Amino acid sequence: MRALSPAEAEKRRGLRRMKTVATAALAVATVVYVVARWQNGRGAVWAGYVEAAAEAAMIGALADWFAVTALFRRPLGLPIPHTAIIPRRKEVLGRSLGEFVGENFLSEPVVRGRLRAVGLSSRLGAWLSVPEHARRVAHETGGLIRGALTVLNDEKVRQTLTDALTRRLEAVPAGPPAGKLLARYTEADAHQPVVDLLAQRAVDWLVDNPEAIESAVESEAPGWTPRFIDERLARRVHRELLRVARAVRDDPHHAVRRAIDGYLANFAEDLAKDPQVMARADRFKNELLTHPATQEAVVSAWAALRRMILEGFTDEDGDLRARLAEAARSFGVRLTEDAQLQARVDGWVEGAAVYVVSTYRSEITALITDTVNAWDGEETSRKIEIQIGRDLQFIRINGTVVGALAGLLIYTLTRLSDLGH
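Here the structure is a predicted model, which means the values were calculated and not measured.

1. Describing the overall build of the chain
Point 1. Check the secondary structure of the chain and you find 18 helices and 0 strands.
Point 2. Relative to the globule expectation of 22 Å for 421 residues, the C-alpha radius of gyration of the chain, 46 Å, shows a markedly less compact shape.
Point 3. Summarising its shape, the C-alpha atoms of the chain cover approximately 165 × 45 × 40 Å along the three principal directions.
Point 4. Across the 421 residues of the chain, 28% fall into the buried class.
Point 5. A sequence separation of at least 24 residues applies to 70% of the contacts in the chain between residues at least 6 apart.
Point 6. Of the roughly 27,400 Å² of accessible surface on the chain, 62% is carried by carbon and sulfur atoms.
Point 7. Side chains of the chain give 56 positive and 54 negative charges; the mean places of these two sets differ by 9 Å.

2. A few points about the pattern of salt bridges
Point 1. Considering all chains together, one arrives at 13 salt bridges under this definition.
Point 2. With a closest N to O distance of 2.9 Å, arginine 329 and glutamate 326 form a salt bridge. Of this pair, arginine 329 and glutamate 326 are both found in helix H16 (residues 319–337), 3 residues apart, which corresponds to roughly one turn of the helix.
Point 3. Judged by its relative accessible area of 26%, arginine 329 is partly exposed.
Point 4. Take glutamate 326: its relative accessible area is 39%, and that puts it in the partly exposed class.

3. Remarks on the confidence of the model for the chain
Point 1. Confidence in the prediction for the chain averages 82 pLDDT; 91% of positions are at 70 or higher.
Point 2. The lowest-confidence element of the chain is helix H8 (residues 154–170), averaging 68 in pLDDT; the highest-confidence one is helix H2 (residues 45–72), averaging 90.

4. Focus on the packing of H16 against helix H17 (residues 339–374)
Point 1. Two elements in contact, H16 and H17, have axes separated by 5 Å at closest approach and are oriented at 100°. With respect to each other, H16 and H17 are oriented roughly perpendicular. Here Phe331, Arg334, Leu335, Thr336 and Glu337 of H16 lie close against H17, whose contacting residues are Ala339, Leu341, Gln342, Arg344 and Val345.
Point 2. Its residues assigned to classes, the contact of H16 with H17 comprises 5 nonpolar, 2 polar and 3 charged.

5. A look at a positive patch on the surface
Point 1. Side chains of Arg74, Arg88, Arg89 and Arg95 sit close together on the surface and give a patch of like positive charge.
Point 2. Classification of arginine 88 by relative accessible area gives partly exposed; the value is 44%.

6. Topic: helix H9 (residues 175–187)
Point 1. The first and last C-alpha atoms of H9 sit 18 Å apart over 13 residues, in line with the 18 Å expected at 1.5 Å per residue.
Point 2. Of the residues making up H9, those classed as buried are Gly175, Gly179 and Thr186. One side of H9 holds all its buried residues, which, seen down the axis, span an arc of 35°. Among the exposed residues of H9, those pointing more than 90 degrees away from its buried face are Lys180, Leu181 and Arg184.

7. What about the environment of threonine 141?
Point 1. Mapped onto the elements, threonine 141 comes out in helix H7 (residues 131–151).
Point 2. Between the C-alpha atom of threonine 141 and that of alanine 190, which follows or precedes it by 49 residues, the distance is 40 Å.
Point 3. Within the structure, the side chain of threonine 141 is placed 2.7 Å from the backbone oxygen of valine 137, a separation counted as a polar contact.

8. Description of the packing of H9 against helix H13 (residues 255–273)
Point 1. At a minimum axis distance of 7 Å, the contact between H9 and H13 shows a crossing angle of 155°. Our classification of the angle between H9 and H13 gives roughly antiparallel. The way H9 lies across H13 gives a crossing that is left-handed. Mapping the contact onto sequence places Gly175, Pro176, Ala178, Gly179, Leu182, Ala183 and Thr186 in H9 and Leu264, Phe267, Ala268, Leu271 and Ala272 in H13.
Point 2. Of the residues assigned to the contact of H9 with H13, the class counts are 9 nonpolar, 3 polar and no charged.

9. Details of the nonpolar core
In globular proteins that are soluble, nonpolar side chains generally tend to be buried together.
Point 1. The biggest cluster of nonpolar side chains holds 9 residues, and these are Leu26, Ala29, Tyr33, Ala53, Ala54, Ala57, Met58, Ala61 and Ala404.
Point 2. Secondary-structure elements contributing two or more residues to this core are helix H1 (6–41) and H2.
Point 3. Other than its neighbours up to four places away in sequence, alanine 61 contacts Leu26, Arg396, Gly399 and Thr400.

10. What about the packing of aromatic side chains?
Point 1. Tallying each qualifying case throughout the model produces 2 aromatic pairs.
Point 2. Note on tyrosine 263 and phenylalanine 267: the rings are 6.1 Å apart at their centroids and 0° apart in plane angle, and the pair reads as stacked. In this pair, tyrosine 263 and phenylalanine 267 both sit in helix H13, 4 residues apart, roughly one turn of the helix.
Point 3. The class of tyrosine 263 is exposed, set by a relative accessible area of 53%.

11. A word on the side chain of glutamine 192
Point 1. Looking at the secondary structure, you find glutamine 192 in helix H10 (residues 192–208).
Point 2. Polar contacts involving the side chain of glutamine 192 include one to the side chain of histidine 191, which spans 3.1 Å.
Point 3. In contact with glutamine 192, not counting residues within four places along its chain, are Arg257 and Asp261.

12. Observations regarding a nonpolar patch on the surface
Point 1. A grouping of Tyr355, Val356, Tyr360 and Ile364 is seen on the molecular surface, where their side chains present a nonpolar patch of about 370 Å² in accessible area.
Point 2. Inspection of the secondary structure assignment puts valine 356 in helix H17.
Point 3. Note on valine 356: relative accessible area 39%, which makes it partly exposed.

Rules and cut-offs
Residues numbered from 1 in each chain as written. Predicted model: local features only at pLDDT ≥ 70, side-chain atom pairs only at ≥ 80, totals over all residues. Heavy atoms only, no water. Helix = DSSP H or I, 4+ residues; strand = E, 2+ residues; numbered from the N terminus. Rg over C-alpha atoms; globule rule 2.2 N^0.38 Å. Buried < 20%, exposed > 50% of the residue type's maximum accessible area, 1.4 Å probe, protein only. Contact = heavy atoms within 4.5 Å. Areas by Shrake-Rupley, 256 points an atom, 1.4 Å probe, with all protein chains shown as cover. Lys, Arg positive; Asp, Glu negative; His and termini not counted. Charge placed at Lys NZ, Arg CZ, Asp CG, Glu CD. Salt bridge = Lys/Arg side-chain N within 4 Å of Asp/Glu carboxyl O. pLDDT = per-residue confidence, 0-100. Axes fitted to C-alpha atoms, helices over the stretch in contact; angles between N-to-C directions. Parallel < 35°, antiparallel > 145°, perpendicular 65-115°, else oblique. Nonpolar A, V, L, I, M, F, W, Y, C, P; charged D, E, K, R; others polar. Patch = residues over 30% accessible without salt bridge, like charges linked within 9 Å, V, L, I, M, F, W, Y side chains within 5 Å. Expected span 1.5 Å × (residues − 1). Arc of directions from axis to C-beta. Polar contact = N/O pair within 3.5 Å; in protein donor to acceptor, adjacent residues only side chain to side chain. Left-handed = near helix turned anticlockwise from the far one by under 90°. Core = buried A, V, L, I, M, F, W, Y, C linked by side-chain atoms within 4.5 Å. Phe/Tyr/Trp six-rings, centres within 6.5 Å; stacked < 30°, edge-to-face > 60°.

Here it is as structure tokens:
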């Protein structure tokens, strides 16, 4: 037999006290009956009234004792029909209890009505509006996130992220999205800063490396030309290249820039429509995804993100935790002031609660039924008696008192009837 918890032990002591009181009331009624009967035999007028009251009190006490006891066990151990009801019919009790809870507590109207009456969103908003409560939310959230990141297996998480990213991107054609994005960028001239940067880098390189141009020109010159002519030609080529690079850099409408614009526009269209270009884009995408450098980048990104989150939520006065607390407080203020937001939040909560109740009501009620069915019959009887037995003992006491009053009334009416005849 399972040991009682402190709360159950206290209730059991209260049950025993009430049993003692109820039994004492029966004992008092018995003693009064014996004394009154003795006095009635000696001719005392009052004794008949007291005897009738005490006799009815004993009958009421015994009847209610039988009724209460029959719920939990067989009275005096006798195999009387329809006794020990709870131990013998606990399966029916468990099923009925589960159905009762399902019909009266887990129905959609009850859940919606209760949530509306609670006013969850306004209460939550008022609670979150207090800075101390918002900081507590940030603290608890940080603890949960730190715990989750600590428990998670880094290797499995990295592998899952890599696999998910690879599968997701492999399933998406690279050409059309890239073409559409490139077209938008070129139409908005968003690529011009890149052209500016490349032009500036070209100018810088030509300024810093004139000998590279001269060496290239001289190496390609015919062997029969004089060296001074090769040098002059190389310097001329270098100056011309530098002039063109500076012109491209400084003139937003330069022909080279317009050529780049046209090339990018055509390339964007080919990415979206040309099967060969699209196929090459997909091959490039797949090679990029499977390249070890990409895998390492995902691993590094996860490690950096994990480290940033852990450090941010570990510092009690850190910026990340302060921002989360302020966000929680701001949301609470909005929730108290914005009626439309309150209605949306209440609707979300009601919808979620109704979904859970509607979807899992049978599982919840089955849990109650299965739990009760798994209990031993005597254990079930003991559990229920401990919980409600103390109140049932008042039935015995009331039966004693009501029986006495009824017996006295019947005896009095009978005496008055006899006197009338």
